[in-house]
Amino acid sequence: MHVTLRPPSRRALGAWLAGAVLAATAGFVGAAEPAPYGGPLFDAHLHYNDDAQQPHPLPDVLGRMQRSGVRAIIANSRPNDGTKSLAAATDATRAAGVTVVPFIRLYRDRADYGSWFRDPSIARMVETELAAGTAAGPYRGLGEFHLYDSANADGPIARELMQLAQARGLVVLAHCDDVAVEKLFAHAPNAKLIWAHTGIGGVPAERVRELLRRHPTLMGELSYRPGLVVDGRLAPEWRALFVEFPQRFLVGSDTWVNARWQYYEGLMAEARRWLGELPPEVAQRIAWGNGAALFGLRE
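Residues numbered from 1 in each chain as written. Predicted model: local features only at pLDDT ≥ 70, side-chain atom pairs only at ≥ 80, totals over all residues. Heavy atoms only, no water.

## Considering the environment of Ala95
What counts, and what does not: Strands here are runs of E lasting at least two residues and helices are runs of H or I lasting at least four, both read from the DSSP assignment and numbered beginning at the N terminus. Type-normalised accessible area, obtained with a 1.4 Å probe on protein chains alone, sets the label of each residue: buried when under 20%, exposed when over 50%, and partly exposed for intermediate values.
Tracing the chain through its elements places Ala95 in helix H4 (residues 90–96). According to the relative accessible area criterion, Ala95 is exposed, its value standing at 61%. Remark: the alpha-carbon pair of Ala95 and Gly63, spanning 32 residues in sequence, is separated by 10.0 Å.

As structure tokens, this is what we get:
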């Protein structure tokens with residue numbers, strides 16, 4: 001039997017094309033929106049400062065951590081009383097599933113931000129705190145401290161504290177530029193240094209790569225990092241950096257003002273979104289594994 005095949009009508013062809021475009025678009029959108037990272041988080045930059053404790057008492061902040069899937073924190077506070085209160089709340093932190101890793105902050109009050117690097121009493125305060133420890137055990141690091149002018153990294157207090165950290169195996173959390181990173185390592189080449197915000201002033205990814213290659217004990221913390229996410233997506237140059245150095249980065253909240261506590265769950269959800277764009281093993285390292293390995297924690 002002979003069958004004559006007729007070309008499709010314009011209406012049929014249009015419907016087919018529309019369906020094909022819709023299917024392709026749906027597939028593209030699905031590929032463009034990966035699922036957020038769903039594993040545990042290590043918050044490597046958390047403050048529980050004196051002005052946060054009344055509006056955000058311990059049950060409130062621990063509840064925010066628990067709801068966000070945060071399993072461990074680097075706690076550093078102005079003054080150190082906030083960190084010590086978190087460390088002392090062992091029953092509450094255990095119930096929330098949160099491990100507190102206490103750091104000594106160099107600030108007794110806001111005035112210390114701009115003068116700690118020339119104040120010998122800061123170094124003595126650090127030694128006193130180290131001797132006393134916390135209810136959760138010994139302090140594990142120093143900072144966060146700020147060096148708004150990289151030249152201050154050459155001062156005697158910065159040198160003394162970097163050498164103290166290297167000698168005692170303490171981790172340093174420093175808010176500074178790339179020049180100050182080099183200066184701090186000049187004092188203590190084998191110290192473990194977490195670069196807060198990994199170049200918040202706009203240091204390009206290629207310069208970060210250079211420093212990571214030069215200093216094997218340097219790690220980058222990623223809160224407040226401009227250019228990390230562009231138009232809601234992880235910037236390609238940072239994705240490439242994370243894939244190349246999966247063991248060298250950490251996430252953080254930086255709850256330096258109370259508004260950051262009020263939006264804590266949102267901050268952690270934002271991190272989960274861009275972590276979801278990475279290969280799963282890279283995301284897990286940055287989100288949890290690197291911090292856990294640095295301080296010997298189990299999941």
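## Thoughts on the layout of surface pockets
What counts, and what does not: Site definitions follow a grid-based scheme: protein atoms alone, a 1 Å grid, a 1.4 Å probe that fits but cannot get out for cavities, and for pockets an open set with protein on both sides within 12 Å along at least five of seven lines, plus lining residues having an atom within 4 Å of a point. Grid points are joined across faces, edges and corners, and a volume is the space filled by probe spheres set on the points. Under the convention adopted here, Pro, Cys and the residues Ala, Val, Leu, Ile, Met, Phe, Trp and Tyr are nonpolar, Asp, Glu, Lys and Arg are charged, and Gly plus all remaining residues are polar.
Looking at the largest pocket, its volume works out to about 460 Å³. Every residue lining the largest pocket is counted, 23 residues in all, and those nearest its centre are Val229, Leu267, Glu270, Ala271 and Trp274. Considering each element in turn, the lining of the largest pocket owes the most residues, six residues, to helix H11 (residues 264–275). Across the lining of the largest pocket, the residue classes tally to 12 nonpolar, four polar and seven charged. Lining the second largest pocket are 15 residues; nearest its centre among them are Glu144, His146, His175, Asp254 and Trp256. Partitioned by chemical class, the residues of the lining of the second largest pocket number five nonpolar, five polar and five charged.

## Quick look at the side chain of His187
The cut-off we apply is this: Contact definition: two residues touch when any of their heavy atoms are within 4.5 Å.
For His187, the location among the structural elements is in helix H7 (residues 178–187). A relative accessible area of 14% means that His187 is categorised as buried. Beyond its immediate sequence surroundings of up to four residues, His187 is in contact with Ala153, Asp154, Ala158, Arg159, Met162 and Gln163.

## What to know about the pattern of salt bridges
Rule in force here: Basic side-chain nitrogens of Lys or Arg form a salt bridge, by our definition, when they fall within 4 Å of a carboxyl oxygen of Asp or Glu.
Summed over the entire model, instances satisfying the criterion amount to 24 salt bridges. For Arg214, the salt bridge goes to Glu210, with nearest N and O atoms at 2.6 Å. Placement of both Arg214 and Glu210 in helix H8 (residues 205–214) is noted, with a separation of four residues, approximately one turn of the helix. A relative accessible area of 45% means that Arg214 is categorised as partly exposed. Look at Glu210 and you get partly exposed, because its relative accessible area is 32%. Of the charged contacts in the structure, one is a salt bridge between Arg213 and Glu244, with a shortest N-O distance of 2.8 Å. Pair noted here: Arg213 is in helix H8 and Glu244 is in helix H9 (residues 236–244), with a separation of 31 residues, a long-range link. The class for Glu244 is partly exposed, based on a relative accessible area of 36%. Via salt bridges that share partners, Asp178, Glu182, Arg207, Glu210 and Arg214 belong to a single interconnected network.

## A closer look at the nonpolar core
The test is simple: Grouping buried Ala, Val, Leu, Ile, Met, Phe, Trp, Tyr and Cys residues that are joined through side-chain atoms within 4.5 Å yields what is termed a nonpolar core.
Membership of the largest hydrophobic core comes to 94 residues, with the highest contact counts inside it found for Trp116, Phe242 and Trp274. Ranked by residues supplied to this core, first place goes to helix H12 (residues 280–295) with eight residues. With near-sequence residues (within four places) excluded, Phe242 lies in contact with Leu222, Leu228, Leu234, Phe249, Trp274, Leu278, Val282 and Ile286.

## With respect to the sheet that holds strand E10 (residues 249–250)
Where we set the bar: Two strands pair if DSSP finds at least two bridges between them.
In space, the eight strands of this open sheet follow the order E1-E2-E3-E4-E5-E6-E7-E10, with parallel pairing throughout. The open sheet is flanked by strand E1 (41–46) and E10, the only strands paired with a single partner. In this structure, strand E6 (residues 192–195) lies alongside strand E7 (residues 218–221), joined through three bridges in parallel fashion. Bridging across to E7, Trp195 finds its partner in Gly220.

## Things to note about the pairing of E1
Cut-off, in case you're wondering: By convention, a crossover is right-handed whenever its connection, traced from the first strand over the helix to the second and viewed with the strands pointing away, goes clockwise.
Burial runs high along E1: six of the six residues are buried. Direction of pairing for E1 relative to strand E2 (residues 70–75): parallel, over a ladder of four bridges. By the bridge assignment for E2, Leu41 is matched with Val70. A crossover links E1 with its parallel partner E2, the connecting element being helix H2 (residues 58–67), and its sense is right-handed.

In short, the description is geometric, and any link to function would need to be established separately.
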